[in-house]
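What the coordinates show
The lines below spell out each chain.
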Amino acid sequence: MTADLDDIFRREAGRLVPFLLRRLGPRHFDLAEDSVQDAFVEAIRRWPVSGVPDDPRAWLLRAAHRKALDRLKRDSTAERKAHLLAAEPAVMEIEPARDLPDEVAVLLLACQPSLPRESQVALALRTLGGLSTPEVARALLISEAAAAQRIVRAKRAIEREGATRVSDADLEPRIDASLDVLYLIFNEGHHATDGADLVRSHLVGDAIHLAELMASASATSRPRVHALLSLMHLGASRLAARTDSLGDLVLLDEQDRSRWDPAHLARGFRHLDLAARGPEVSRFHLEAGIAAIHAGAHVEGRTDWTRVLELYDEIMARWPTPVAALNRAVAVLHVHGAEAAETALRP
């Protein structure tokens, strides 16, 4: 039962908090998180006796909403807070589209331009990714104290500013920050930095779920959103093959490709086609292109390393990172040999 509850918490926490925030308003980040925690405490106490409900999420949503209202009633300024709550507009208003799912609205809220990018990412990882503060710290390669500070500062800034009406000019940087967040959540699941498992599929699923919501909402659907979805689906297709029976990592070239998931592969190629509809080329387009070449090798029996190297060259010209440089060196190794790869890694 404990393991089941932990799995439910991991799966649902990133969806319950946005649900409450959409109803309580952006000034109540802490109240929403505390109420969700209270709901899970109640579940831990009651479900071992009564059994897990048929719809755990609905049960937890009702419990968390009730806990939030109870906390407001107990507050010494409950009447004032109730008035503010009734008058407070939606978490996120985007003209002309107002059909944003809860999670997307909160993701865009966390990624408001007035916050430093590192604070946007930290808050979204905590609130929507369901990551603990130590997990956020490891994902961002910072100390736990720094992660906690970023999260608190971001919450306070959003609480001060309240709800936000987003202009077209403000929306695009919010979308860019949101995609960075989702990619970090995906990578934390695909290359876990904590725990016994090298893969944490629930984080991969959360990132894909949120990206799918963004792609399906008219206000946030963009070619680069589809490009990221392609990259994530193609990466997720290899999850079952990434570890062996002992739980050890299996390198790409050594994976049993019969274990790759055909459904994720199909979705990855479909979103890659959607990403190509327009002149936009993001780093996610290039990375998805590389992933597609590796996925295509599943069918063709060979990897086009020359094309992989060309794509990494473009990434390094426009978005250079140490990780991209290392991956490019692998492509150089396959195309030009070990000596050229060693040269490519020199500063």
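Source: prediction; values computed, not measured.

In this section: the overall build of the protein. For the protein, the helix and strand inventory stands at 16 helices and two strands. Taking contacts inside the protein between residues at least 6 apart in sequence as the whole, the part at least 24 apart equals 66%.

How two helices pack is summed up by the angle between their axes together with the distance between the axes. Where helix α9 (residues 168-190) meets helix α10 (residues 201-216), the closest approach of the two axes is 7 Å, and the angle between their N-to-C directions is 155°. Between α9 and α10, the angle falls in the class roughly antiparallel. As for how α9 packs across α10, the hand of that crossing is left-handed. On the side of α9, the interface is formed by Ile175, Ser178, Leu179, Leu182, Ile185, Phe186, Glu188, Gly189 and His190, while α10 contributes Leu203, Val204, Ala207, Leu210, Ala211 and Met214. Among the residues making up the contact of α9 with α10, the classes are represented as 11 nonpolar, three polar and one charged.

What follows deals with helix α5 (residues 102-110). With respect to burial, α5 is a largely interior element, nine of its nine residues being buried. Among the residues of α5, those classed as buried are Asp102, Glu103, Val104, Ala105, Val106, Leu107, Leu108, Leu109 and Ala110.

Core analysis: the largest hydrophobic core is formed by 88 residues, its most contacted members being Leu60, Leu107, Leu125, Leu182, Met214, Leu228 and Met232. The contacts of Met214, once residues within four sequence positions are left out, are Val104, Leu107, Ile175, Ser178, Leu179, Leu182, Thr220, Ser221 and Val225. Counting 13 residues, the second-largest nonpolar core is a separate cluster that includes Leu286, Leu311, Tyr312 and Val332.

For residues that are not glycine, phi is negative in most cases, and the peptide bond is trans in most cases. Although it is not a glycine, Leu141 adopts a positive phi angle of roughly 60°. Tracing the backbone shows Leu141 in the loop between α7 (133-140) and α8 (144-161). Owing to a relative accessible area of 78%, Leu141 belongs among the exposed residues under this scheme.

Next up on the list: the environment of Ala148. Position of Ala148 relative to the elements: it lies in helix α8. For the pair Ala148 and Val136, spaced 12 residues apart in sequence, the C-alpha to C-alpha distance is 8.7 Å.

All right, on to the packing of aromatic side chains then. Counting across every chain of the model gives two aromatic pairs. Ring centres of Trp47 and Trp59 lie 5.1 Å apart, and the angle between their planes is 70°; this geometry places the pair in the edge-to-face category. Remark: Trp59 occurs in helix α3 (residues 56-74) and Trp47 occurs in helix α2 (residues 29-50); sequence separation between them is 12 residues. For the pair shown, Trp47 and Trp59 are each scored as buried. Judged by centre distance (5.5 Å) and plane angle (90°), the rings of Tyr183 and Phe284 are edge-to-face. In this pair, Tyr183 sits in helix α9 while Phe284 sits in helix α13 (residues 283-300), placing the two residues 101 residues apart along the sequence. Taking NZ or CZ as reference, Arg238 lies 5.8 Å from the ring centre of Trp260, over its face.

Definitions and cut-offs
Residues numbered from 1 in each chain as written. Predicted model: local features only at pLDDT ≥ 70, side-chain atom pairs only at ≥ 80, totals over all residues. Heavy atoms only, no water. Helix = DSSP H or I, 4+ residues; strand = E, 2+ residues; numbered from the N terminus. Contact = heavy atoms within 4.5 Å. Axes fitted to C-alpha atoms, helices over the stretch in contact; angles between N-to-C directions. Parallel < 35°, antiparallel > 145°, perpendicular 65-115°, else oblique. Left-handed = near helix turned anticlockwise from the far one by under 90°. Nonpolar A, V, L, I, M, F, W, Y, C, P; charged D, E, K, R; others polar. Buried < 20%, exposed > 50% of the residue type's maximum accessible area, 1.4 Å probe, protein only. Core = buried A, V, L, I, M, F, W, Y, C linked by side-chain atoms within 4.5 Å. Phe/Tyr/Trp six-rings, centres within 6.5 Å; stacked < 30°, edge-to-face > 60°. Lys NZ or Arg CZ within 6 Å of the ring centre and 35° of its normal.

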